[in-house]
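The primary structure of each chain is shown beneath.
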2 protein chains.
Amino acid sequence: MNTTTAPQVISPAQLLKHWQGHRALTRHVIEAFPEKDFFEFSIGGMRTFSKLTSELLSIAVPALKGIVNRAEKPYSEEETETLTTKAQYLQKWDEATEEINQYFKQIPIEDFEKTFNLFGQYEFPIIENIFYFIDNEIHHRGQGYVYLRALGIEPPFFWTRE
Amino acid sequence: MNTTTAPQVISPAQLLKHWQGHRALTRHVIEAFPEKDFFEFSIGGMRTFSKLTSELLSIAVPALKGIVNRAEKPYSEEETETLTTKAQYLQKWDEATEEINQYFKQIPIEDFEKTFNLFGQYEFPIIENIFYFIDNEIHHRGQGYVYLRALGIEPPFFWTRE
């Protein structure tokens, strides 16, 4: 793990914990959907929450692998196309949790400011790409909250992190 | 401004830019609402986007003032209660933009890890409170995207940051 004695706004370990805390909340949101609605419900022509979850799964681990290996493999949702039940999505989510822990710890602290062309398409400092993953998850999960409310289901508290 | 030569995951200046980028996007979302819908439209019994915006305004500057002055003034939406038009909300938003810039720069880098009892209620490291402001804004703005879609209005691109 990266260590430094200089004061930090946030350490790599804290940023990983922050992200995984958000992922724990997203997992609860997936769980809160009735099976059918997870795959079928949407508002205003938007994607279903299963499709949004596919996007989140197709970013997190593949993006971190790309960053660690400096491999510019294009973005693809192919790996999530075989998922047809909520249980399968949750299993994939949990596998991703472990893989994120493994890969994230391989980013040296001095690399966060370095530029990498993620998915061969998004050329930004690595820290900006990682914030984008987290922010994009919060954004889509917020949409999931509206879907749940529209379905008459109480979503988990926003501050839930485990 | 805080400076350090040690490698950083993110610097205070970058974190401020990150937040203000999100605030610029939220401003576009406010602008995208028709006047009437900003104050009246909602889904599933949730708050209107004007109410959600009141929350964001009642957190950002008051929270930063609290952090900088170590003042545990309770959370209040009182200051936003006089806002009755979108134009007034946008003006308040722009005033907050300037105040956030002023106050954020007064947080020394070594303070981000220090604990503060925000609003006399949320006792966490300052960095966790600041991430909470940003994440809460992304969360509610994501809900605003669903409102706009349900109204048949195309929201701004998620990656808009100015």
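Residues numbered from 1 in each chain as written. Chains lettered and ligands numbered in written order. Predicted model: local features only at pLDDT ≥ 70, side-chain atom pairs only at ≥ 80, totals over all residues. Heavy atoms only, no water.

On to the interface of chain A and chain B. At the interface, 34 residues of chain A touch 34 residues of chain B. Contact between chain A and chain B buries roughly 3,100 Å² in total, counting both sides, with carbon and sulfur atoms accounting for 71%. Sorting the residues of chain A by area buried against chain B places Val9(A), His139(A) and Phe158(A) first, and these three jointly supply 22% of that buried surface. Where chain A meets chain B, there are zero salt bridges. Run the count over chain A and chain B and you get six residue pairs in polar contact (both at pLDDT 80 or more). Put simply, the parts of the chain that give the side of chain A that touches chain B at least two residues each are helix H1 (12-32) and helix H5 (126-150) of chain A. (Contact = heavy atoms within 4.5 Å. Buried area = accessible area lost by both parts, 1.4 Å probe. Salt bridge = Lys/Arg side-chain N within 4 Å of Asp/Glu carboxyl O. Polar contact = N/O pair within 3.5 Å; in protein donor to acceptor, adjacent residues only side chain to side chain. Helix = DSSP H or I, 4+ residues; strand = E, 2+ residues; numbered from the N terminus.)

A word on empty space enclosed by the protein. Within this structure, the stated rule accounts for two cavities of 30 Å³ or more. In this model, the largest cavity occupies a volume close to 70 Å³. What lines the largest cavity is Trp19(A), Arg23(A), Leu56(A), Leu57(A), Ile59(A), Ala60(A), Trp93(A), Phe133(A), Asn136(A) and Glu137(A). Elements that contribute at least two residues to the lining of the largest cavity include exactly H1, helix H3 (49-69) and H5 of chain A. Per-element accounting of the lining of the largest cavity gives the leading share, four residues, to H3(A). For the lining of the largest cavity, the class distribution of residues is seven nonpolar, one polar and two charged. Lining the second largest cavity are Trp19(B), Leu56(B), Ile59(B), Ala60(B), Phe133(B), Asn136(B) and Glu137(B). Looking at the lining of the second largest cavity, the elements that each hand over two or more residues are helix H3 (49-69) and helix H5 (126-150) of chain B. Considering only residue class, the lining of the second largest cavity consists of five nonpolar, one polar and one charged. (1 Å grid on protein atoms, 1.4 Å probe; cavity = no way out; pocket = protein on both sides within 12 Å on 5 of 7 lines; lining within 4 Å. Points joined across faces, edges and corners; volume = space filled by probe spheres on them. Nonpolar A, V, L, I, M, F, W, Y, C, P; charged D, E, K, R; others polar.)

What follows concerns the relation of the copies chain A and chain B. Rotating chain A by 180 degrees and moving it 0.0 Å along the rotation axis overlays it on chain B with an RMSD of 0.0 Å. What the rotation and shift describe, once combined, is the action of a two-fold rotation axis. Interface overlap between copies: 100% of the residues of chain A at the interface are likewise at the interface in chain B, consistent with a symmetric, same-surface contact. (Least-squares fit on C-alpha atoms with pLDDT ≥ 70 in both.)

Residue and element names in this part refer to chain A. Evaluated as defined, the whole model comprises 25 aromatic pairs over all chains. Ring centres of Phe33 and Phe49 lie 5.0 Å apart, and the angle between their planes is 10 degrees; this geometry places the pair in the stacked category. Taken together, the positions of Phe33 in the loop between H1 and helix H2 (35-40) and Phe49 in helix H3 put the pair 16 residues apart, joining distant regions of the chain. Each member of the pair, Phe33 together with Phe49, is buried. Both rings, one in Phe38 and one in Phe49, keep their centres 6.3 Å apart while their planes meet at 65 degrees; by these two values the pair is edge-to-face. One end of the pair, Phe38, is in helix H2; the other, Phe49, is in helix H3, and eleven residues separate them in sequence. Each member of the pair Phe38 and Phe49 is classed as buried. Among the aromatic side chains, those forming a connected cluster through ring pairs are Phe33, Phe38, Phe39, Phe49 and Tyr89. When the ring centre of Phe158 is taken as reference, the NZ or CZ atom of Arg161 above it lies at 5.1 Å. (Phe/Tyr/Trp six-rings, centres within 6.5 Å; stacked < 30°, edge-to-face > 60°. Buried < 20%, exposed > 50% of the residue type's maximum accessible area, 1.4 Å probe, protein only. Lys NZ or Arg CZ within 6 Å of the ring centre and 35° of its normal.)

Now for the environment of His18(A). Among the secondary structure elements, His18(A) is positioned in helix H1. Sequence spacing of His18(A) and Arg161(A) is 143 residues, and the spatial spacing of their C-alpha atoms is 8.4 Å. Apart from residues lying up to four places away in sequence, His18(A) is in contact with Ile134(A), Phe131(B) and Asp135(B). A polar contact is formed between the side chain of His18(A) and the side chain of Asp135(B), at a distance of 3.3 Å.

What follows deals with the nonpolar core. With 98 residues, the main nonpolar core has Leu15(A), Phe112(A), Ile130(A), Leu15(B), Phe112(B) and Ile130(B) as its most contacted residues. Apart from the residues within four sequence positions on either side, Phe112(B) is in contact with Gln8(A), Val9(A), Pro12(B), Leu15(B), Phe104(B), Ile107(B), Pro125(B), Ile126(B), Ile127(B) and Ile130(B). (Core = buried A, V, L, I, M, F, W, Y, C linked by side-chain atoms within 4.5 Å.)

Residue and element names in this part refer to chain A. As defined by bridge partners, strand S1 (residues 115-118) adjoins strand S2 (residues 122-125) across four bridges and the pair is classed as antiparallel. Bridge pairing in S2 links Leu118 to Tyr122. The turn linking S1 back onto S2 is made up of three residues, and Phe119 within it adopts a positive phi angle of 55 degrees. (Pairing = 2+ DSSP bridges.)

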